[in-house]
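Notes for the structure review
Here's the letter readout for the chains.
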Amino acid sequence: MRRSLSVLLVSSALSVLASFRAPGVHITVTTNDTYAKIESAQAGDEVVISPGTYAFRVYLTKAASSTINIHALDPANPPVWDFGSVLLDNAPGSYTAGDKARGGWQFSGAKNYSISGIVFRNCRNAAKNAGAIRYYNSTTNLYIKDCVFAFNDNGLTGGTQDSQAVVEYCEFSTNGNPAASTSSPTHSIYVYGGYLALRYCYVHDSAQGQNFHIRCRDATLEYNWFARANNYDGDLMTDDDFSGPGPFTQTLTLRGNLFVQNLLPGNHSQAIAMYNDAGLTNLTLNVRALYNTYVGANTNAAFVHVSNADGTRMNAEIWNNIIYGTKTASLVEDASHGTVVGANNWLQTGAAPGPLTNTVQTASPGFRNPGAKDFTLTNGSPCINAAITSVYGLPGKEYYLNETNVCRWRIRPSARDLGAFESNNTNGGIGPNTATPKARLTISSAGTNVAVFWPLFAQEFQLKQATQLTSAVWAAAAYPRTTNATAISVVMRATNSPTFFRLEQ
């Protein structure tokens, strides 16, 4: 122990490298201004939008080398883009091409935009397929935070080629247009391709289709609250940008989410669907569902529906979920081309686990107060300490807390319990304007080795090392990572040369 500690020094606080950029211009926008001010922003600029109601379209195209930050002057009194009864076809804006009405704000070939603290309401068009925000043409590094999307044809839409967006702390309420065609329905979130991450969001009460309709190459939806989708909760379908012989692969990861089924859903046979609606050949669809809590309305909906009657290769993994209010954990149409694996899920007594193993089956999962939408676990819940923690992608966070305290998360102290919430978690909520908690590195002796640990909630961080604390160059620590129910660790041999470690994101 003495030798280990004398040769290895570890930084104990989270260290994130700052991103440096040239000083930008500060642009203030008021209701007396037009779209021109916002669209003029260049790399490194900050656009501050004053409270009030705005009704012009915005078209952003800069491939910026550093972030263009567009945000509310006062997040407690956010600016509102509300087009009322005026269709986007007739709203003012600089963009005049045929698809000008596809979004209230459109991002085309854009890069490094950050949008926060804005309300988007009543973004509709004559074709009934508008989005409050639409991004396309390989838009990348789009970050959307603390925004509200309500009463739009689609809340968020777009996604093409290698486009990439991260959405955090946002509310999507009553998006979807009931007047749209049922053959081309509208949704709270409709992303056509590329890459998407959605976290800490409250997505509820879609007015026509699903709460999420995903065609991405890779999408991760984690620590969200999804409630009362008009049709069914969500799906993974064919990427619109795929063509040719393939092979093609798409993956949707659902981690730590809470799903509340509509009492009268339009489609009561499924919650999460996989479907090759384009009939694309040489396609594989994958869904990984882990540590979610699904609260069904006793419609016997399949939690995961592998809809592959056409012979499309599909794979579903279902681990450590609470699947309540239905007797159907999974449904596979073509078992020769579709697989379902998983273990340690809770199902009600009498439900058929199918291919899922080590299922916990009791009369009740032990929710604290489901009538008040409190789906945390009571002390006697059979879901406590029932998880298998050897699966990849353990949660270190959880949604906080219900439909009153929305768009927040909190640290999950361990991943031992089933479902979206760890029992007896007293950690406070972290919102869009709350300081992110720091991850702490710790060290311990392991014989002639030493081990460095950090918490699960920082698993997306990378461990870096240097031989001097003041070093300008920190290299990736090339040691295998091990994850358990509470932490991530690396083990190395102790040496006589001092080494310093820190975490970077």
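Preceding this paragraph is the structure being described.
Heads up: these notes are all about the structure in this document. (Residues numbered from 1 in each chain as written. Predicted model: local features only at pLDDT ≥ 70, side-chain atom pairs only at ≥ 80, totals over all residues. Heavy atoms only, no water.)

Overview of the sheet that holds strand β21 (residues 225–227)
As a reminder, the rule being used: When DSSP locates at least two bridges between a pair of strands, those strands are taken to pair. Numbering of helices and strands starts at the N terminus; helices are DSSP runs of H or I of at least 4 residues and strands are runs of E of at least 2. Axis angles are defined between N-to-C directions and span 0 to 180 degrees, where every axis is a line fitted to C-alpha atoms and, for a helix, only to the segment in contact.
Strand order in the open sheet formed by twelve strands is β3-β6-β9-β12-β15-β18-β21-β24-β27-β30-β33-β34, and the pairing between neighbours is parallel. Of all strands in the sheet, those with a lone pairing partner are β3 (52–54) and β34 (360–362), marking the two edges. Pairwise comparison of adjacent strand axes, ignoring direction, gives a mean angle of 15 degrees for this sheet.

Quick look at the nonpolar core
Rule in force here: Within this scheme, the nonpolar core is defined by two criteria: the residues are buried Ala, Val, Leu, Ile, Met, Phe, Trp, Tyr or Cys, and they are joined through side-chain atoms within 4.5 Å. With a 1.4 Å probe rolled over the protein chains alone, any residue whose accessible area is under 20% of its type maximum counts as buried; one over 50% counts as exposed, and the rest are partly exposed. Contacts were defined at the residue level, with two residues in contact if any of their heavy atoms lie within 4.5 Å.
Among the nonpolar cores identified, the biggest contains 79 residues, and I38, I49, I70, W81, W105, F107 and F212 are the most heavily contacted of them. Per-element tally for this core: the top contributor is strand β26 (residues 283–290), with four residues. In this view, W105 contacts I38, I49, V58, L60, I70, W81, I115, I118, F120, A132, I133 and R134; residues no more than four positions away in its chain are not counted. The next biggest cluster of nonpolar side chains, apart from the first, holds 49 residues, and it includes V391, L394, A420 and F457.

A word on the environment of T281
Mapped onto the elements of the fold, T281 is located in the loop between β25 (270–275) and β26. Relative accessible area serves as the criterion here: at 53%, T281 is assigned to the exposed category. Spatially, the C-alpha atoms of T281 and N231 are 27 Å apart, while their sequence positions differ by 50 residues. With near-sequence residues (within four places) excluded, T281 lies in contact with P245 and F248.

Concerning the packing of aromatic side chains
Operational definition: Pairing of aromatic rings covers Phe, Tyr and Trp, the last through its six-membered ring, and needs centres within 6.5 Å; plane angles under 30 degrees mean stacked, over 60 mean edge-to-face, and all others mean tilted. Here, over-ring charges are defined by two tests on the NZ atom of lysine or the CZ atom of arginine: distance to the ring centre within 6 Å, and angle to the ring normal within 35 degrees.
Applying the stated criterion to the full structure yields 25 aromatic pairs. Taking the centre distance of 5.3 Å and the plane angle of 15 degrees together, the rings of F226 and F259 count as stacked. Of this pair, F226 sits in strand β21 while F259 sits in strand β24 (residues 258–260), and the two are 33 residues apart along the sequence. Judged by its relative accessible area of 0%, F226 falls in the buried class. Overall, the relative accessible area of 0% leaves F259 in the buried class. The rings of Y35, Y54, F56, W81, W105, F120, F149 and F172 are connected pair by pair, giving a single aromatic cluster. For the cation-ring pair, R134 lies above Y136, with the distance from its terminal atom to the ring centre recorded as 3.9 Å. When the ring centre of W409 is taken as origin, the NZ or CZ atom of K397, which lies over that ring, is 4.6 Å away.

Regarding the sheet that holds strand β2 (residues 46–49)
As summarised here, the arrangement of the twelve strands in space is β1-β2-β5-β8-β11-β14-β17-β20-β23-β26-β29-β32, forming an open sheet in which the pairing is parallel. With one partner strand each, in any of the chains shown, β1 (26–29) and β32 (338–343) form the two edges of the open sheet. Averaged over all adjacent pairs, the angle separating strand axes in this sheet is 10 degrees, with direction ignored. As paired strands, strand β5 (residues 63–72) and strand β8 (residues 111–116) are joined by five bridges and run parallel to one another. Bridge pairing links A63 to K111 in β8.

Considerations on the pattern of salt bridges
Rule in force here: The rule for a salt bridge is simple: a side-chain nitrogen of Lys or Arg has to be within 4 Å of a carboxyl oxygen of Asp or Glu.
Considering all chains together, one arrives at 19 salt bridges under this definition. Measuring nitrogen to oxygen at the nearest pair gives 3.9 Å for the salt bridge that ties D239 to R217. With D239 in the loop between β22 (234–237) and β23 (248–255) and R217 in the loop between β19 (212–214) and β20 (218–222), this residue pair connects regions lying 22 residues apart in the sequence. Here E222 and R255 are joined by a salt bridge, their closest N and O atoms 2.5 Å apart. In this pair, E222 sits in strand β20 while R255 sits in strand β23, placing the two residues 33 residues apart along the sequence. Three or more residues joined by partner-sharing salt bridges are found here, namely E168, R199, E222 and R255.

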